[in-house]
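Residues per chain are reported as follows:
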Amino acid sequence: MKNCFLSISAILFAGMGSLFAQSEVTPPAFNGAVIKVFMTRMAATVEKIAVERQIPADSISPVVGIALQIDKTGNVAEWRYMDNTQEGRDHAEFAPATAATRRAMEEAYARLGGTWSPATLADGSTVSYTSRMTIRIPVEKIRRAQDADPLLFMGEIPGENFHNWAKMRVRYDGRFTEKGVEGLVHVRFYIEPDGRITIGEVVQSPDERLTKEVLRAIRSSKGKWTPRKVRGVPQRTAYDYRVNYHNN
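Residues numbered from 1 in each chain as written. Predicted model: local features only at pLDDT ≥ 70, side-chain atom pairs only at ≥ 80, totals over all residues. Heavy atoms only, no water.

Trainee: Give me the lowdown on helix H6 (residues 208-219), citing residues and values where you can.
Mentor: An α-helical segment advances 3.6 residues per turn. Residues three or four places apart therefore align on the same side. For H6, with 12 residues, the first-to-last C-alpha span of 16 Å sits near the 16 Å given by 1.5 Å per residue. Buried residues of H6: Leu210, Thr211, Glu213, Val214, Leu215, Ala217 and Ile218, and no others. Residues of H6 that are buried in the fold lie against helix H4 (160-167), helix H5 (174-177), strand S10 (183-191), strand S11 (197-204) and strand S15 (237-245). (Helix = DSSP H or I, 4+ residues; strand = E, 2+ residues; numbered from the N terminus. Expected span 1.5 Å × (residues − 1). Buried < 20%, exposed > 50% of the residue type's maximum accessible area, 1.4 Å probe, protein only. Contact = heavy atoms within 4.5 Å.)

Trainee: Explain the nonpolar core residue by residue, including any values.
Mentor: What tends to happen in soluble globular proteins is that the nonpolar side chains get buried as a cluster. Counting 28 residues, the largest nonpolar core has Phe38, Ile66, Met105, Ile135 and Ile137 as the members making the most contacts within it. Taken together, the elements giving at least two residues each to this core come down to helix H1 (35-52), strand S3 (63-70), helix H2 (99-112), strand S8 (129-136) and helix H3 (139-146). Broken down by element, the residue count for this core peaks at eight residues, all from H1. When sequence neighbours within four positions are dropped, the list of residues in contact with Phe38 reads Phe30, Ile66, Leu68, Tyr109, Leu112, Trp116 and Met133. Counting 24 residues, the second largest nonpolar core, distinct from the first, contains Trp165, Tyr172, Leu210 and Val243. (Core = buried A, V, L, I, M, F, W, Y, C linked by side-chain atoms within 4.5 Å.)

Trainee: Before we move on, could you go through the pairing of S15 and cite the residues and values that matter?
Mentor: Working note: regular strand, side chains alternate between the two faces of the sheet. Burial along S15 is one-sided: the residues Thr237, Tyr239, Tyr241, Val243 and Tyr245 are buried and none of Ala238, Asp240, Arg242 and Asn244 is. Of the pairings in the sheet, the one linking S10 to S15 comprises nine bridges and is antiparallel in character. In the strand pairing of S15, Leu184 is matched with Asn244. (Pairing = 2+ DSSP bridges.)

Trainee: Before we move on, could you go through the packing of H1 against H3 and cite the residues and values that matter?
Mentor: Running from N to C, H1 and H3 cross one another at 30°; their axes reach a closest spacing of 9 Å. Considered as vectors, H1 and H3 are oriented roughly parallel to each other. Between H1 and H3 lies a crossing of right-handed hand. Between H1 and H3, the contacting residues are Glu47, Ala50 and Val51 on the first element and Lys141, Ile142, Ala145 and Gln146 on the second. (Axes fitted to C-alpha atoms, helices over the stretch in contact; angles between N-to-C directions. Parallel < 35°, antiparallel > 145°, perpendicular 65-115°, else oblique. Left-handed = near helix turned anticlockwise from the far one by under 90°.)

Trainee: An account of unusual backbone geometry is needed here, citing residue identities and associated values.
Mentor: Phi angles above zero are rare outside glycine, and Asn31 is one such case at about 50°. Within the element layout of this structure, Asn31 appears in the loop between strand S2 (29-30) and H1. Judged by relative accessible area, Asn31 falls into the partly exposed class, the value being 43%. One non-glycine residue with positive phi stands out, namely Met154, at about 55°. Within the element layout of this structure, Met154 appears in the loop between strand S9 (152-153) and H4.

Trainee: So what about the sheet that holds S11? Which residues, and what values?
Mentor: Ordered by their spatial adjacency, three strands build an open sheet running S11-S10-S15, and the pairing between neighbours is antiparallel. Because the sheet does not close on itself, it has two edges, and the strands there are S11 and S15. With direction set aside, neighbouring strand axes in the sheet form an average angle of 25°. Against the sheet, H4 makes contact with S10 and S15, and its axis sits at roughly 60° relative to S15, the strand it touches most.

Trainee: A description of the packing of H1 against H2 should follow, citing residues and the corresponding values.
Mentor: Axis separation between H1 and H2 bottoms out at 8 Å; the angle between their running directions is 115°. Judged by the inter-axis angle, H1 sits roughly perpendicular to H2. Crossing handedness for the pair H1 and H2: right-handed. In contact with Phe38, Arg41, Met42, Thr45, Val46, Lys48, Ile49 and Glu52 of H1, H2 contributes Ala104, Met105, Glu107, Ala108, Tyr109, Arg111 and Leu112. Partitioning the contact of H1 with H2 into residue classes produces nine nonpolar, one polar and five charged. (Nonpolar A, V, L, I, M, F, W, Y, C, P; charged D, E, K, R; others polar.)

This is the structure:
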């Protein structure tokens, strides 16, 4: 899975009190692989389940923390979720996982169907071990997979192509630069099911005349959009256009 869709970090703690230092412990392995591999597989499997079951992307938590206690025999003695409602080592700076996310996580674990080998000390003896990990779920990738007919601008996913097209058509000339007009213009508009453009809201702008220039360019994009579709039916779709103008 590409790094742009998945970012993983883990904090590993030995659950043995003060008897052993963490550096003396070899962490558990999942199907013979290191814990980071387990995390990668979990994220990929949650993604697959969400797409298969059409779990709404907005109901999936982008960040999920879990604490797994692996006992001396390699069994998961306890599975806990970490979040900002927990205390101690289970406290994390993100919101609790949604119910949909928890179900998908637990199904993903069952699908992986692997086994853990327990943590070991230098002398080969096994010990109980708690692994705390943070898994980032590629929610945007899930959303795109579920939306088979996305919004398009001139045949492409809108982004840099629309930005370049619109900026070339906004006359940011001496009328603005000579008076020091610069800053962010943020406009929210809608692509209607029939391809028409409806201006929704000017969220931010440094100058009314510059706003009019940007709105003129946006309106002139009529006919170049392919509306998003759900089950083949065109949908009204919001689009936020932001551009920073600088008087260089």
